[in-house]
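What follows is the residue order along each chain.
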Amino acid sequence: MTRLPGDRRAQRLSIVVPVLNESAGIVAQLAALQPLRARGHELVVVDGGSDDDTPGLAAPFVDRVVASPAGRAKQMNAGAAVAIGDALLFLHADTQLPPDADALVLAALDRRDWGRFDVRIEGAHPMLRVVAAAMNVRSRWTSVATGDQAIFCTREMFDRVGGFPSLPLMEDVALSKRLRRSGPPACLRERVVTSGRRWERHGVFRTIALMWRMRFAYFVGVDPARLARWYPRR
């Protein structure tokens, strides 16, 4: 995928996937992304110190596996540093892209410097549909995206804003605030599908309350390092 002289459009996408102990599902997730690789796009997995052979399982399905200190911001910055695409897409290990994600993203980046997808949360609890709808609406109102929505941007814009802030939590919100200085995101109505496992594991209503509490605390200036201690870990 070679750019023509004077052509500023993004033509090659680098998908950066931060992982930590994802052996149960990483092969299926990466296998679903192989059509994008076949169309010339790049897939980078960034491992934060897994002890369950996640890097070994991922290696046959990606262009490169990168080792990084744990933490999504650190891992995604490490992946971006080695990526060679004109555009970057940051994908959680439990989130699935639509089959034509590359065309959708590259077309969106013809109009805007960055964007995200609408999201659907997979799970049995009916409130998960409400949570997803609220996330999508809130994102349109605020021009702030969550990591579950598969944030994407041009390489030029990512470098210009300095990448993800080095935060233990809320790195997606912080990056969105940096990116929206250039303008609002392209809010794609096509949906990515993300796992509802964290909601169902800790209780849907309890997790909703915690997320709103943490977002409000971050908004009023609570240190993200303190917020990270509130967040339930596996």
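Residues numbered from 1 in each chain as written. Predicted model: local features only at pLDDT ≥ 70, side-chain atom pairs only at ≥ 80, totals over all residues. Heavy atoms only, no water.

Caption draft 1: Broad picture of the packing of aromatic side chains. This structure, assessed with the given rule, holds four aromatic pairs. Look at Phe 90 and Phe 158: their rings are 5.3 Å apart centre to centre, the planes differ by 35 degrees, and that puts the pair in the tilted class. Within this pair, whereas Phe 90 is found in strand β4 (residues 87-90), its partner Phe 158 is found in helix α7 (residues 155-161), the two being separated by 68 residues in sequence. Its relative accessible area of 2% is what places Phe 90 among the buried residues. Taking the relative accessible area as the measure of exposure, Phe 158 reaches 5% and is therefore buried. Their ring planes at 70 degrees and their centres at 5.9 Å tell us that Phe 117 and Phe 152 sit as a pair that is edge-to-face. Taken as a pair, Phe 117 in strand β6 (residues 114-122) and Phe 152 in strand β7 (residues 152-154) lie far apart in primary sequence, 35 residues in all. The class of Phe 117 is buried, set by a relative accessible area of 0%. Residue classification places Phe 152 among the buried residues on the basis of a relative accessible area of 0%. Following the ring pairs from residue to residue traces out a cluster consisting of Phe 90, Phe 158 and Phe 164. (Phe/Tyr/Trp six-rings, centres within 6.5 Å; stacked < 30°, edge-to-face > 60°. Helix = DSSP H or I, 4+ residues; strand = E, 2+ residues; numbered from the N terminus. Buried < 20%, exposed > 50% of the residue type's maximum accessible area, 1.4 Å probe, protein only.)

Caption draft 2: A look at the pattern of salt bridges. A full pass over the atoms with the stated rule returns seven salt bridges. Of the charged contacts, one joins Glu 42 and Arg 64 as a salt bridge, the two residues approaching to 3.6 Å between their closest N and O atoms. In this pair, Glu 42 sits in strand β2 (residues 42-47) while Arg 64 sits in strand β3 (residues 64-67), placing the two residues 22 residues apart along the sequence. Taking relative accessible area as the criterion, Arg 64 reaches 33% and is therefore assigned partly exposed. Across the pair Arg 140 and Asp 118 runs a salt bridge, and its minimum N-O distance is 3.0 Å. Residue Arg 140 is located in helix α6 (residues 127-142), and its partner Asp 118 is located in strand β6; the two are separated by 22 residues in the primary sequence. Residue classification places Arg 140 among the partly exposed residues on the basis of a relative accessible area of 27%. Taking the relative accessible area as the measure of exposure, Asp 118 reaches 3% and is therefore buried. Several salt bridges share partner residues, and in doing so they unite Arg 116, Asp 118 and Arg 140 into one network. (Salt bridge = Lys/Arg side-chain N within 4 Å of Asp/Glu carboxyl O.)

Caption draft 3: Focus on the sheet that holds β6. In space, the eight strands of this open sheet follow the order β3-β2-β1-β4-β7-β6-β8-β5, with mixed pairing throughout. Lying at the two open borders of the sheet, with one neighbouring strand each, are β3 and β5 (95-96). Of the pairings in the sheet, the one linking β2 to β3 comprises four bridges and is parallel in character. Bridge assignment links Val 46 to a residue of β3, and that residue is Val 66. The sheet strands contacting α6 are β6 and β8 (186-195), and the helix crosses β6 at an angle near 165 degrees. (Pairing = 2+ DSSP bridges. Contact = heavy atoms within 4.5 Å. Axes fitted to C-alpha atoms, helices over the stretch in contact; angles between N-to-C directions.)

Caption draft 4: Quick look at the nonpolar core. Ranked by internal contacts, the top residues of the largest apolar core, which has 36 residues, are Ile 15, Leu 89, Leu 97 and Phe 117. Those elements giving two or more residues to this core turn out to be β1 (13-19), α1 (26-31), β2, β4, α5 (101-108), β6, α6 and β8. Top contributing element to this core by residue count: α5, with five residues. Beyond its immediate sequence surroundings of up to four residues, Leu 97 is in contact with Ile 15, Leu 33, Leu 36, Leu 89, Leu 91, Phe 117, Ala 150 and Val 192. One finds Ala 83, Cys 153, Met 157 and Val 161 within the second-largest nonpolar core, a separate group that totals 21 residues. (Core = buried A, V, L, I, M, F, W, Y, C linked by side-chain atoms within 4.5 Å.)

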